[in-house]
Amino acid sequence: MNNRLNIVLVHGAWADGSCWSAVIERLQADGYHVIAPQFPESSLADDVARLRHVLNLQDGPAIVAGHSYGGQIMTALGTGAPNVAGLVYIAAFGLDEGESIGALLAQGGPPTPALAHLDIDKEGFAWVPEDDFVQHFAADVDPVQARVLHAVQQPLATSTFQDVMGVPAWSSHPSWFLVAENDEAIPPDAERQFAKRMGATTIEVPSGHLAMVSHPGDVAQLIKTAAEAVEAAR
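What you see is a predicted model, and the numbers here were worked out from it, not measured in a lab. (Residues numbered from 1 in each chain as written. Predicted model: local features only at pLDDT ≥ 70, side-chain atom pairs only at ≥ 80, totals over all residues. Heavy atoms only, no water.)

Student: Describe the pattern of salt bridges, naming the residues involved and giving the relevant values.
Tutor: Counting across every chain of the model gives four salt bridges. The residue Asp 30 makes a salt bridge to Lys 224 at a minimum N-O spacing of 2.5 Å. Of this pair, Asp 30 sits in the loop between helix H1 (21-29) and strand S2 (34-35) while Lys 224 sits in helix H9 (residues 216-233); the two residues are 194 residues apart in sequence, bridging distant segments of the chain. Note on Asp 30: relative accessible area 31%, which makes it partly exposed. Taking the relative accessible area as the measure of exposure, Lys 224 reaches 15% and is therefore buried. With a shortest N-O distance of 2.7 Å, Glu 204 and Arg 192 are connected by a salt bridge. Pair noted here: Glu 204 is in strand S9 (residues 201-205) and Arg 192 is in helix H7 (residues 188-197), with a separation of 12 residues, a long-range link. Residue Glu 204 is classed as partly exposed on the basis of its relative accessible area of 37%. (Salt bridge = Lys/Arg side-chain N within 4 Å of Asp/Glu carboxyl O. Helix = DSSP H or I, 4+ residues; strand = E, 2+ residues; numbered from the N terminus. Buried < 20%, exposed > 50% of the residue type's maximum accessible area, 1.4 Å probe, protein only.)

Student: Break down the sheet that holds strand S6 (residues 125-127) for me, citing the residues and quoting the values.
Tutor: In sheet architecture, strand pairing relies on hydrogen bonds along the backbone and comes in two forms, parallel and antiparallel. Taken together, the three strands give an open sheet; going across it, the order is S5-S6-S7, and neighbouring strands pair in antiparallel fashion. On the outer flanks of this sheet lie strand S5 (119-120) and strand S7 (156-157), each paired with one strand and no other. (Pairing = 2+ DSSP bridges.)

Student: Describe the pairing of S9, naming the residues involved and giving the relevant values.
Tutor: Bridge count for strand S8 (residues 175-180) against S9 is five bridges, and the pairing is parallel. Of the residues in S9, the one forming a bridge with Ala 180 is Val 205. With respect to chirality, the unit in which S8 leads through H7 into the neighbouring parallel S9 is right-handed. (Right-handed = clockwise from strand over helix to strand, strands pointing away.)

Student: Provide a residue-level description of unusual backbone geometry, including the pertinent values.
Tutor: In the Ramachandran plot, Glu 41 falls in the positive-phi region, its phi being about 55° despite a non-glycine side chain. In this structure, Glu 41 sits in the loop between S2 and helix H2 (44-57). The exposure class of Glu 41 is buried, given its relative accessible area of 0%. If you check the backbone angles, Ser 68 has positive phi at about 55° while not being a glycine. As for its placement among the helices and strands, Ser 68 is situated in the loop between strand S3 (62-67) and helix H3 (69-75).

Student: Which residues make up the nonpolar core, and what are the values?
Tutor: Core analysis: the biggest nonpolar cluster contains 81 residues, and Trp 14, Trp 20, Leu 51 and Ile 223 have the highest contact counts within it. With seven residues, the single largest contributor to this core is H9. Here Trp 20 is in contact with Leu 9, Val 10, His 11, Ala 36, Ala 65, Gly 66, His 67, Ile 90, Met 212 and Val 219, once residues within four sequence places are set aside. (Core = buried A, V, L, I, M, F, W, Y, C linked by side-chain atoms within 4.5 Å. Contact = heavy atoms within 4.5 Å.)

Structure, rendered in structure tokens:
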């Protein structure tokens, strides 16, 4: 019988579940049940509802790993998160109560290179232009693959920048954090701040923003480390 924890992977903005493919292969090879659902990114509430739905479908505890805005989704689960045994942040937002993504990004001065020229459509969704996606958002990904990732990007509702965080899920769950040292979307120093105040077990990787694509081995290993630590404590 496989007693290993489930793994739920949460993609961020301008991505979809396929961005986790290389990580999924590694985790499945080690016997983990993995799911990487698609998130609508039409509102934070819709995304949290999707994550709760997926967690309720699991047959037991799960490690939840989120990338970028995916960290916002899992953090917004709060303290009543079903089946959550631990949280893994991959170059992700780890906001505290009362904070919003928009206010946080505004504190850092000019937009980061990956987010400097967002294209806002008439429905209020933000898209990353191809040049910025390839050169900055997916900076250390092969350009051919980066253009494919750009083609399947899931746009983000701009309303999510104003959503204010309630009590964060990391305040009541063990956490791990991967800092992407060369991130051009979320400043690496901001990632370090998130990790420090949540008391996360932290590693740093010489990666751009899409660490799960360019450094899937490091990402998979951190998720496995989290799962093994939770399993050992049970």
